[in-house]
Structure formats: C-alpha cells, structure tokens
Amino acid sequence: MIISEKQQQANRQNAQKSTGPTTPEGREAIRFNALTYGLRTRQTILPSENCAEYSQLWDELEADWQPQTRTERLYLETMVTSQWLLRRIAESEQDIYIRLGNEAKFKMLAYVYKQRAQLERSFRTAVADMKQSQKERKAAQTPPQTEQPAKPASAPAAKPAAPQAPPPDYVMSNGAAAPPATTDTR
C-alpha cells in the first residue's frame, strides 16, 4: 500500500507527539507499567518486593562470609542477587501456572528453568570464588614459617665435651709411619 506524501508528512508529525515521557520523573513513573512477572527486568528490587527482606538477606550473607576486599564484596553481591532473583523466579513460577494457557505456560516455564539454572550456577561460582579469594588472602597475611628439624623429646641434654686431644699421626696398616708431608719448592 502506497501512501501519499501528505499522509506521510502527517504520520511524521504525529510520531513526534508520541515519544513517551521526556523528563526523568516521567520515565521513572512508567518504567514498571508493563511488568507482569519481573523475570526479565534489570532491577534488583521491584516495587512489589520488600526492600527490608533484601537488606536482611545481604546482612545474613555478609555475616556468614565477612568480605574484606572489594572483590570479595562483589562476590557477595553476586550471591545476594542470585538468591534474590531465584526467590523471584519461584514466585513468578506460581503466577505462570495460574495465569497462562498451556502453550504460553510451557514457553515461559522453559525460560524460567533456564534462568533458574543460570542463577544457581552464578551463586555456586560466586561461593567458590569467595572461598578461593579468602584462602589466598589469609595465606598472604600469614608469614611463612621456616621448618626446623625436630629434636627428639626424650633425648637428654648433651653435656659439654671435654677438650679432645689431637688425633694421632696416621699409621699405615703395615705398621709403617705415614709419609712426611711434602712441600713444593719450585
């Protein structure tokens, strides 16, 4: 279908009027309008979620792991976020069973299972990385100890030895005296 130049111009003018919110406040107000399950959002905490529960999860994991470096805090953030999103997925899964028909349900559940596996893997990786980081940090803080040979515990203390007499001149087995030391006179 070909449209006239006049209609094309009218479409362009109308498109300029429907650009959505232009102010930061307007964008903030509408950003969750199409949110149904929250599975694809990039927001960690949704308006319907309890921020205090997120903080409690953070505090509990922080108390468990006690991160000391920036890297360890990033591992902690990954763990907290993974667990938070896994919780959201579990809640969304119930909504999917209730709201969707069979065909749409199976498509969405396939996506849910994929996301769950990815988040569980992310959590396990962050835990392993945190353990390794803490192990390396503790090893770097502990000075290496030099090993000294262990003395037997039951051995009595050695008595100071009396001065020994110089060894006798070497005697050959056939009874002849040792040859005199030669000096080089060249």
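Residues numbered from 1 in each chain as written. Predicted model: local features only at pLDDT ≥ 70, side-chain atom pairs only at ≥ 80, totals over all residues. Heavy atoms only, no water.

### Focus: the nonpolar core
One finds Tyr54, Leu57, Trp58, Leu61, Trp65, Leu76, Met79, Val80, Trp84, Ala126, Val127 and Met130 forming the largest nonpolar core, which totals twelve residues. Broken down by secondary-structure element, the contributors of at least two residues to this core are α3 (51-65), α4 (70-99) and α5 (102-141). Here this core takes five residues from α3, the largest share from any one element. Contact partners of Leu76, with chain neighbours within four places excluded, come to Trp58, Leu61, Glu62, Pro67 and Met130. (Core = buried A, V, L, I, M, F, W, Y, C linked by side-chain atoms within 4.5 Å. Buried < 20%, exposed > 50% of the residue type's maximum accessible area, 1.4 Å probe, protein only. Helix = DSSP H or I, 4+ residues; strand = E, 2+ residues; numbered from the N terminus. Contact = heavy atoms within 4.5 Å.)

### Some points on α4
Under the 1.5 Å per step criterion, the end-to-end length of α4 is 42 Å for 30 residues, consistent within 8% with the ideal 44 Å. When we look at burial in α4, the residues that qualify are Glu72, Leu76, Met79, Val80, Ser82, Trp84, Leu86, Arg88, Ile89, Ser92, Glu93 and Ile96. Of the surrounding secondary structure, the elements contacted by the buried residues of α4 are α3 and α5. (Expected span 1.5 Å × (residues − 1).)

### Brief notes about the packing of α3 against α4
Between two packed helices, what matters for the description is the angle formed by their axes and the separation of those axes. Where α3 meets α4, the axes come as close as 10 Å, and the angle between the chain directions of the two elements is 135°. Relative to α4, the element α3 lies oblique. Note on packing geometry: the crossing formed by α3 with α4 is right-handed. Where α3 approaches α4, its residues Glu53, Tyr54, Leu57, Trp58, Leu61, Glu62 and Trp65 are matched on the opposing element by Arg73, Leu76, Glu77, Met79, Val80, Thr81, Gln83, Trp84 and Arg87. Here the residues of the contact of α3 with α4 sort into nine nonpolar, two polar and five charged. (Axes fitted to C-alpha atoms, helices over the stretch in contact; angles between N-to-C directions. Parallel < 35°, antiparallel > 145°, perpendicular 65-115°, else oblique. Left-handed = near helix turned anticlockwise from the far one by under 90°. Nonpolar A, V, L, I, M, F, W, Y, C, P; charged D, E, K, R; others polar.)

### Considering a nonpolar patch on the surface
A cluster of nonpolar residues, Tyr97, Ile98 and Tyr113, forms a patch on the protein surface that exposes about 350 Å² of accessible area. For Ile98, the location among the structural elements is in helix α4. Classification of Ile98 by relative accessible area gives exposed; the value is 69%. (Patch = residues over 30% accessible without salt bridge, like charges linked within 9 Å, V, L, I, M, F, W, Y side chains within 5 Å. Areas by Shrake-Rupley, 256 points an atom, 1.4 Å probe, with all protein chains shown as cover. Salt bridge = Lys/Arg side-chain N within 4 Å of Asp/Glu carboxyl O.)

### Concerning α3
The first and last C-alpha atoms of α3 sit 21 Å apart over 15 residues, in line with the 21 Å expected at 1.5 Å per residue. Buried residues of α3: Tyr54, Leu57, Trp58, Leu61 and Trp65, and no others. The arc enclosing the buried residues of α3, seen along the axis, measures out at 100°, which places them on a common side. The opening residue of α3 is Asn50, an N-cap whose side-chain oxygen sits 2.9 Å from the backbone nitrogen of Ala52. (Arc of directions from axis to C-beta. Polar contact = N/O pair within 3.5 Å; in protein donor to acceptor, adjacent residues only side chain to side chain.)

### A word on the pattern of salt bridges
Evaluation of the coordinates by the stated rule reveals six salt bridges. When the shortest N-O distance is used, the salt bridge between Arg73 and Glu62 registers 2.7 Å. One end of the pair, Arg73, is in helix α4; the other, Glu62, is in helix α3, and eleven residues separate them in sequence. Exposure remark for Arg73: the relative accessible area of 36% places this residue in the partly exposed category. We classify Glu62 as partly exposed; its relative accessible area is 25%.

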